Structures are given as structure tokens and as C-alpha cells.
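A closer look at the structure
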Amino acid sequence: MTTKTDNKRRQFLQYSAVGAAASFFPQILLAQAKQVKSYATANFHPDVEIEFTTSKAFVPIFQQGPKTDVFQYSARVLKGPQNTLQTLKDNYLGPILKLNKGQKVRVFFNNKLDEPSVIHWHGLHVPQRSDGHPMYAIQPGEQFVYEFEVKNRAGTSFYHSHTHERTATQVYKGLAGLIQISDDEEQKLDLPSGEYDVPMVLQDRTFDNRNQLRYLRGMRSRMMGFLGEEILVNGKPNMRFDVKTRAYRLRVLNGSNSRIYKLGWQDGTPLIAIGTDAGLLEKPVTKPYIMLAPGERVELWLDFSGRKLGSELVMYSLPHSGTMPMMYERMHGGGRMGMGMMGRMGGGGMGMMSSGIPQGSQFKIASFRISQKVSDSPELPDRLVSIPRLTEKDVNNRNNPIPIALRMMPMMSPRLNGMSFAMNRVIPLEEVELGSIKKIKIFHEQMGHMGRGGMGMMGGGMGGMGGMMAMAHPIHLHGQQYQVSSRKMTGPRLDDYATVSEGFITEGWKDTVLVMPGEEVEIIKPFQDYKGLFLYHCHNLEHEDLGMMRQFYVG
Ligand code: C2O
Ligand code: CU
Ligand code: CU
């Protein structure tokens, strides 16, 4: 029988080829972090200055009953265009932050909670010090100053808390908001704007009968991730958009802790994507449905021209399977068995069961009611923006991709390359030369790679507990966006995979990619412009807080 120590030892030997001891040098960076934390730098000349404050608040989420106790970002513009911020009324979501490429931005962040906090600008390519690494979390009453230049292309991103072991709970309580970036290339396209450019932040939440947020408890439910009983769109339940008979640009962000959506229309109308994480696509892509995992964004072109006044179109999350461990899906039915559950549900409570809408079930996201006829509508452009395609020729580690091995095992926190997050650790394979472009391979450890044969009874073969526990992980890398160069399904759950496989968009830029059980995804990522520590982690926020996070040191 294989013991834990043997496993550990094997693990150690596996990585010892690249260095017997982990590097501790980022300690120096940690020390620097303490010194720079609370003042603006004199040689940075911002075009935009904003003050962000996080505090407790009560907001009316429901039309009836008590207000909900939340955490909230509020903000105001101190310098620069007033329309940099668009506040959402009566909402826990932070204001929409609208920036332009090339702007220099300074943010004064005040923490008025009674716990530490830090803001991360997910999707933005900014220096380490302004990236919201948990080492920069500030205590109650303190201020942190972020400074960065907007280098991103036009697209949709979001900001959220990234506090050590508190990301899931702080985001759940409300610490998130949308970012929209614009640039000249986008402006020339004349896409739907103003009221026709609509945000759609998807989140699931569970409330008690006093309208207060309830979160999950216990290690086992955290392993499966939080799944709520209600779907909120832009912070509100039962969302209905009143639309005109014309085209819209819809910016969809999955801001849920761990729910995965399969976006589709009830009447089978295909979806047209014009953008992915943090950027427009080269040209529109048509899909029968689109998978959207936590942290991912997709921009849709919705054209209601020719629809009947008063008619309604419903966007669903369609049934699917294969994102959860086999055991879980057997208990809940999963999408493949066609079991659709909606609304508030009784409290499961059987270990792996959570009381929320099961992952993979069908449920309603929002409805769109045609409420006004208009005579003209913009046309969908055939070409959007130009995207240089990164290939194997651009990378300097073609035959030696950086591995990100995903591990889920019973009674153990989920891991990356066998390791949990440690604030001051980087192993040699996580050291990347500044300016390089790397091939990175993301795969499930137990599904026939490093696990097979090497892990004894824990992971060997696919019948092992490791394979049984495998679930989909949305893998996010901080810093610059990457491109997906290949997706390969090698695992046994092919029927499940068929329920999701047409919903992945591999064209365009990404910063978060869903890796299904048995799937191997290769990406190509540039590490340019900034030195320092940049996180990579599972964007299932429960997994992130359980330590399924590591960091690259770019230097
Ligand atoms: Cu959206 Cu490191 O996170
Ligand atoms: Cu991020
Ligand atoms: Cu995960």
C-alpha cells in the first residue's frame, strides 16, 4: 500500500529536477511591498484619479422585505472624465469602471471593512504592485494607492477582491464590479453604444427568509464550490431587459464563485460572440451555446430586429454534464440525464450535496422583452479587430511547456503541480524571463499524465479516487492575456464532454480557460513589460481560497 509519505516523496523527486529547494527571493519583494504601500509616486502623472472605498452597506436586492447586508465598493472620480464611473443604483456591485487605452490611472483605495482587503483588476495588464496580489492587502482604516497605465485593448474585464483566503467570501458579499475599456480601433467599428451597450454580470446567491446572504460551510462543500439557489443578473433576481427591435452589445461576465453557465436561447437561436476575455474577436463567431466559467467574459451581439412587439426571448443556462465529479453528477442527475431544477431548493446536506441549483441543471438567466419598435439598427461588422496569432514559433519552450497540473483528491485541498499557494514561494519552473513567450500545458493530474502508475492507489488509472474527483477548473493567469493553441480531450467522459464541447471559443484573447475533466489545454502566453510576481489560480473561488493558486516570478 502506498503511504502519504511515499506520495510526497515522489512529488518531491518529480520537481527536484528543477531545483531541490524553492526560491525564497520574493521575500525581498514582500519587504518592498510594505514600504510602497500607501503613497502615490511623484513621477506618475495620472489622467484619471479615482477613490475607491470598500465598506459594509445595506442594499435593497429584493423589492420586498429587509435590505441585504453586503460589502460594497463605492467610488468617485477625483480627476479626469466624470463618466469614468457609472454607479449602479441600489446594488452591491461596484460602479462600472470605464477606461481608455493609454490612460494613466491612479486609484486611492480605502478599506472601511473590519477585515483586510485588496482589489485586483482582473484582465488588466498592470505592474505587480498594482495587480492586487494578496500580499498588498490593507488593514481596516488603511489606504493603498494603485497606479497603472491602461495597456489593454478594448474589451470587458472586472475588478474584485483578492484577499488571502477571503476572496470567495468577500466577492460573495459584493466586492466585484465591471471594467470596460475602449480604444480607437473599437471606436471605428461603431458598435452599439450607450443604452445599447449592456452589462450582464452573472452571479448565484442563496438568501435566507430575511433576505440575508447565506454561504456554504465545511471543507467538503468548499471542494465542490459554492452553488446558489438564485441567479442574479447585475445584482438583481428575475432580471428582465426591455429592449428595442435593433442590435445590442451585451457584455457578459461570469462573476459567480463557482457556477458554470452554458448560455443559450430557449428557442435555439444561435449566439454570436464578438469578444472574449478582455478583447474583441477578429470576426464574429457563431455558436449553438457558449460555456462561461467563473472569471470568463464573452461579448455577444444580440439583434432583436424583426421580433414582435411584446414578445419575449429567454436566455437560459442549458443542461450539461461533465463539469463535476462523477459521483456528484450521479447524485444530482446532471444535464445529460435531462434533469432540470430551478428556483429555491430544499437543503440537500448529504456531504457533497449543496442546497443550490445543481451544477449543469437548466435554469433561466434573464428575459428580454421587445418593448419598442425602431426603424434602424447597426449591422454586424464582418471584421472586428486585428489579432496577431501566436504560434509555437513564438515561444522559447516549444518542447518543454510549463505544466499546470490540476489535482483534486479526497480529503485534500485542490492543488496546482502538487502544491498549495504560499505567499513567498516560487519554484524554478515558475520563474519566467521577462519578455518571453511561453507555452503552458494545463491538464488533470490523475487522468493519465503524471499521476498514472506513479501515484499508487490514490490516482492510478481512471478508476482511482483521483479520477472520480476530477472536476472542471477555470484556470486564470494574471498579467497579459494568452491564446489557446489546443484543446484535447483524453479522458473517459466523452459523452459528458459532448454536452459542452461546442461552447468554447478558442479564437481571440483569454485570461481564464475552463479545463474539463480529462481535457488538456495548451496556451501561449507572453510575459512582457513587468517584472514581479503574477498569480495563476483556479477561478472557482472556493478552490482559490483552499490554496489552488501559485505564482510566476517574471524577472
Ligand atoms: Cu479574477 Cu486572480 O483573479
Ligand atoms: Cu486576475
Ligand atoms: Cu478549481
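Residues numbered from 1 in each chain as written. Chains lettered and ligands numbered in written order. Predicted model: local features only at pLDDT ≥ 70, side-chain atom pairs only at ≥ 80, totals over all residues. Heavy atoms only, no water.

Focus: the pairing of strand β30 (residues 519-527)
Within β30, nine of the nine residues are buried, which leaves the element mostly enclosed by the surrounding structure. Across the two faces of β30 the burial is the same, with E519, V521, I523, K525 and F527 and E520, E522, I524 and P526 all buried. The sheet contact formed by strand β26 (residues 436-444) and β30 spans eight bridges and is antiparallel. By the bridge assignment, I437 is partnered in β30 with P526. Sheet topology places strand β28 (residues 483-489) next to β30; six bridges connect them, and they run antiparallel. Note that in β30 the partner of Q483 across the bridge is I524. (Buried < 20%, exposed > 50% of the residue type's maximum accessible area, 1.4 Å probe, protein only. Helix = DSSP H or I, 4+ residues; strand = E, 2+ residues; numbered from the N terminus. Pairing = 2+ DSSP bridges.)

Structural notes on the confidence of the model for the chain
Of all residues in the chain, 86% attain a pLDDT of 70 or more, and the chain-wide mean is 88. Note that pLDDT drops below 50 for residues 336-353; the model gives that stretch 42 contacts with residues more than four away or on any other chain. In the predicted structure, residues 448-464 sits below a pLDDT of 50 and forms 39 contacts with residues beyond four places in sequence or in another chain. (pLDDT = per-residue confidence, 0-100. Contact = heavy atoms within 4.5 Å.)

Side note on the packing of aromatic side chains
For the structure on display, the rule yields 23 aromatic pairs. The interplanar angle of 20 degrees and the centroid separation of 5.6 Å between the aromatic rings of Y215 and F226 together place this pair among those described as stacked. Of this pair, Y215 sits in the loop between β11 (213-214) and α5 (219-224) while F226 sits in the loop between α5 and β12 (230-233), and the two are 11 residues apart along the sequence. The exposure class of F226 is buried, given its relative accessible area of 3%. Centre to centre, the rings of W265 and F368 are 5.4 Å apart; their planes meet at 75 degrees, and the pair counts as edge-to-face. On the criterion of sequence distance, the pair formed by W265 in strand β16 (residues 261-265) and F368 in strand β22 (residues 363-372) is long-range, its members being 103 residues apart. For the pair shown, W265 and F368 are each scored as buried. Clustering of aromatic rings is evident, with ring pairs tying together F52, Y73, F109, W121, Y136, F144, Y146, F148 and Y159. Positioned over the ring face of F504 is R487, at 3.8 Å from the centre of the ring. (Phe/Tyr/Trp six-rings, centres within 6.5 Å; stacked < 30°, edge-to-face > 60°. Lys NZ or Arg CZ within 6 Å of the ring centre and 35° of its normal.)

Considerations on the coordination of the copper ion (ligand 3)
Protein coordination at the copper ion (ligand 3): the donors are H473 (ND1), C538 (SG) and H543 (ND1), at 2.0 to 2.1 Å from the metal. Counting along the primary sequence, the residues that act as donors to the copper ion (ligand 3) give the motif H-x64-C-x4-H. A residue pair is termed long-range when its members are at least 10 positions apart, and H473 in strand β27 (residues 473-477) and C538 in strand β31 (residues 532-538) qualify at 65 residues. Here the two residues H473 and C538 agree in accessibility, since each one is buried. (Donors = N, O, S within 2.8 Å, 3.2 Å for Na, K, Ca; no water.)

Topic: the pattern of salt bridges
Overall, the coordinates contain 29 salt bridges when judged by the stated rule. Between E392 and K439 there is a salt bridge, with its nearest N and O atoms 2.7 Å apart. Within this pair, whereas E392 is found in the loop between β22 and β23 (402-409), its partner K439 is found in strand β26, the two being separated by 47 residues in sequence. A relative accessible area of 30% places E392 in the partly exposed class. Accessibility expressed as a relative area gives 7% for K439, which makes it buried. (Salt bridge = Lys/Arg side-chain N within 4 Å of Asp/Glu carboxyl O.)

Details of the coordination of the copper ion (ligand 2)
Here the copper ion (ligand 2) is held by the protein donor atoms H120 (NE2) and H476 (NE2), which lie 1.9 Å from it. Of this pair, H120 sits in strand β6 (residues 119-122) while H476 sits in strand β27, and the two are 356 residues apart along the sequence. Judged by relative accessible area, which is 1%, H120 ranks as buried.

Concerning the sheet that holds strand β32 (residues 549-554)
Sheet architecture is open: five strands sit in the order β25-β32-β31-β27-β29, paired in mixed fashion. The outermost strands of the open sheet, each flanked by one partner alone, are β25 (431-432) and β29 (512-515).

What about the sheet that holds strand β7 (residues 143-149)?
Overall, mixed pairing links the four strands, which are arranged β2-β1-β5-β7 in an open sheet. Taken across any chain shown, the strands that pair with only one partner, and hence form the sheet edges, are β2 (68-79) and β7. When strand polarity is set aside, the average angle formed by the axes of neighbouring strands in this sheet is 25 degrees. (Axes fitted to C-alpha atoms, helices over the stretch in contact; angles between N-to-C directions.)

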